[in-house]
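# Structural characterization, general
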Amino acid sequence: MITMIDTLKQDIRDYLEKTLEARFQQVIPVVVEEPKKADQGDLSVPVFSIVKELRQPLPLITQLVKQLLLEGELSTMIDHIDVMGGFVNVHFDKKAMADQIIANFTRDLLNNQLGSSNEGVGKTIVMDYSSPNIAKTFSIGHLRSTIIGHAIGNLLEKCGYHVVRINHLGDWGTQFGKIIYAYLHYGDPAKVEANPIEELVKLYVDFHEREKQDPNLEVEARAVFKGLEDRNPQYLALWEKFREVSLQEYMKIYDLLGVRFDSYAGEASYVDKTDAIIEELTAKGLLVEDQGAMIVDLGDIAPALIQKSDGTTLYFTRELAALFFRKREYDFDKVLYVVGNEQKLHFEQLRRVVDKMGYDFPEDIIHVNFGLVLQDGKKMSTRKGKIVKLIDVLEEAISMSLSYIGDKNPDLENKEEIAKKIGTSAIIFNDLKNYRVNDFEFNLDDMVNFNGQTGPYLQYTSVRITSILATSPIDSSRINEDVFLDEVAFDMLKEISLYQDTISRAAREFAPSILAKYLLHLASLFNSYYGKERIVVEDSMERNAKFLLLFMVRAVLDDGMKLLGMQVIEKM
RNA sequence: GACCCGGUAGCUCAGUUGGAUAGAGCAACGGCCUUCUAAGCCGUCGGUCGGGGGUUCGAAUCCCUUCCGGGUCGCCA
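Heads up: these notes are all about the structure in this document. Just so it is clear, the model here is predicted, and its values are computed rather than measured.

Rules of the game
- Residues numbered from 1 in each chain as written.
- Chains lettered and ligands numbered in written order.
- Predicted model: local features only at pLDDT ≥ 70, side-chain atom pairs only at ≥ 80, totals over all residues.
- Heavy atoms only, no water.
- Helix = DSSP H or I, 4+ residues; strand = E, 2+ residues; numbered from the N terminus.
- Buried < 20%, exposed > 50% of the residue type's maximum accessible area, 1.4 Å probe, protein only.
- Patch = residues over 30% accessible without salt bridge, like charges linked within 9 Å, V, L, I, M, F, W, Y side chains within 5 Å.
- Areas by Shrake-Rupley, 256 points an atom, 1.4 Å probe, with all protein chains shown as cover.
- Salt bridge = Lys/Arg side-chain N within 4 Å of Asp/Glu carboxyl O.
- Axes fitted to C-alpha atoms, helices over the stretch in contact; angles between N-to-C directions.
- Parallel < 35°, antiparallel > 145°, perpendicular 65-115°, else oblique.
- Left-handed = near helix turned anticlockwise from the far one by under 90°.
- Contact = heavy atoms within 4.5 Å.
- Nonpolar A, V, L, I, M, F, W, Y, C, P; charged D, E, K, R; others polar.

## Thoughts on unusual backbone geometry
Phi at Ser 130 is positive, roughly 75 degrees, even though this residue is not glycine. Relative to the elements of secondary structure, Ser 130 occurs in the loop between strand S4 (124–128) and helix H5 (140–158). A residue is classified by how much of its surface remains accessible, and Ser 130, at 2% relative accessible area, is buried. Of note in the backbone geometry, Ala 135 takes a positive phi value of approximately 65 degrees without being a glycine. Note on Ala 135: relative accessible area 0%, which makes it buried.

Structure below.
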């Protein structure tokens, strides 16, 4: 739970600030950072801010800082200090640091706390993610929500939070009026039975086509939805059926991705709670009529629509009902909505309405937004039938990994099983490696490219290590520490010591990409080491040290991959 | 039109509180498998950090302005 570099950084900053304040009777902010280049040391202190505060010549200050560091308690960890221009570069004693890092790692591993922290202990976070729309194709867009949400949930749990995972199914709304209308008027029950989602989507797209010719259809569909909200038994039965078959389809994808939820309560389960919301808004004088609909006026931003002119509820109304239900049910500290960028306004409205209602938790409502999946630079749309099916992409990735295996390791056992793990992990990693708010141009070639910064690269690195470690057992009590003096070996140790800090940062920023990039860097260090150093050597002291190092790298890689929702494999 | 994102190498992207010579991968080209898995490693090529101005000892990072791309903006979710 302690990261070496990070604590040292803090310690040096605190020490220098305290000492300088004592000496000059003024508060001087000190910056401590990790230099980019190896010859610039392990930590660096740019002294410009100190020079400015004290108005003294730069060489004098650099000498002073160097002197203070050598006199301080931390000097036992310091090998030597260089001064380069305005930078005081601290080089640590590699063996002393290696000892510390290994000791910390071993302790964390034994306590099953690798990468763990306790910053979230006692706090509950409710997460709303995946949330596909019933009777619609599970698209690449929903994939983003699913895997980003899943990874963030894992990261938060690692930091000690209690996480409640909710799949807020889009199982209510005007769209069902359209689908039910279309099904009843020109749907083919046999076809729908055979191929539910595909046929329902066809009906939906078809409806929009016909609507262009006959605007009256929209009115008809609204009437059907109204009937649904008024509990028309025929409509309800159809709705239930559509929901059932859709969910079955989605579960296949969740199984493949290894994703699970604590609740599948969709929008429909909040319809009966919207009356209470409307009453409360009315009682608080927030609800006003406008053009026949009921809205909450939010001043400088677009108003929130609460009730349509025909009396039916809206997405926003059900969202409010769900929010208050969750607050009562789980008493969350934060609620995270893993939903695309395009709904930014919606969540701003949600916060504003909660604030206007007089509650104290609008700041705990967090929109974890992510970029759109674009096609030809434009948004995909179910309505226009312009959508990429996730299952097709997954299958493509799996068959691609199968052909890789046939190419590179034809004798491998359980080819199909492993190909599945490689393919799905590749898709997951391909999404998570980039910062989530960036838009995402859909490109199948990129997704199934397995070279370079990819999921298979991480898995391959772990597999390589497994294969080496299988050659002989490690005796970690008999190691030659000179191994850690190697630049790349030492970099790996430093990187390992940053694991927990990386997870905390990724969790704090709800950004799995931070962990993904970290894992890539660690894997790349190992592969570089592997390329230049022979690992399985005769000398047992040297071998033990190298094996220990590899063991640590693999432990971190595997743990990190699992957090991202990827599968760890032993052979490929 | 208003508001919100984004613009860094041919392509996909990193770049933490402003710090040293802006980094990876892909693609291209050249090397490395009789020894630990070549899904790898090493090297070469590739940059007006969209443009302009400002703040600063120091700006890809902060401020202003402008151009370009995308998204959103009352009865869809």
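## Comments concerning a nonpolar patch on the surface
Side chains of Phe 48, Met 84 and Phe 87 sit close together on the surface and give an oily, nonpolar patch of about 260 Å² of accessible area. For Phe 48, the location among the structural elements is in helix H2 (residues 48–54).

## A closer look at the packing of helix H20 (residues 512–532) against helix H21 (residues 540–564)
Packing of H20 against H21 brings their axes to within 10 Å, and their N-to-C directions diverge by 155 degrees. Viewed along their axes, H20 and H21 adopt a mutual orientation that is roughly antiparallel. Every pair of crossing elements has a handedness; the one defined by H20 and H21 is left-handed. Note on element contacts: H21 touches H20 through Lys 546, Leu 549, Leu 550, Val 553, Val 556, Leu 557, Gly 560, Met 561, Leu 563 and Leu 564, opposite Pro 512, Leu 515, Ala 516, Tyr 518, Leu 519, Leu 522, Ala 523, Phe 526 and Tyr 529. Among the residues making up the contact of H20 with H21, the classes are represented as 17 nonpolar, 1 polar and 1 charged.

## Details of the pattern of salt bridges
Applying the stated criterion across every chain, the model contains 29 salt bridges. For Lys 212, the salt bridge identified is with Glu 209, shortest N-O distance 3.4 Å. Here the residue Lys 212 and the residue Glu 209 both occupy positions in helix H8 (residues 196–213), the gap between them amounting to 3 residues, near one helical turn. In this structure Lys 212 comes out as exposed when scored by relative accessible area, which is 63%. A residue is classified by how much of its surface remains accessible, and Glu 209, at 41% relative accessible area, is partly exposed. Each of the salt bridges in this network shares a partner with another, and the network as a whole consists of Asp 486, Lys 532, Glu 533, Glu 542 and Lys 546.

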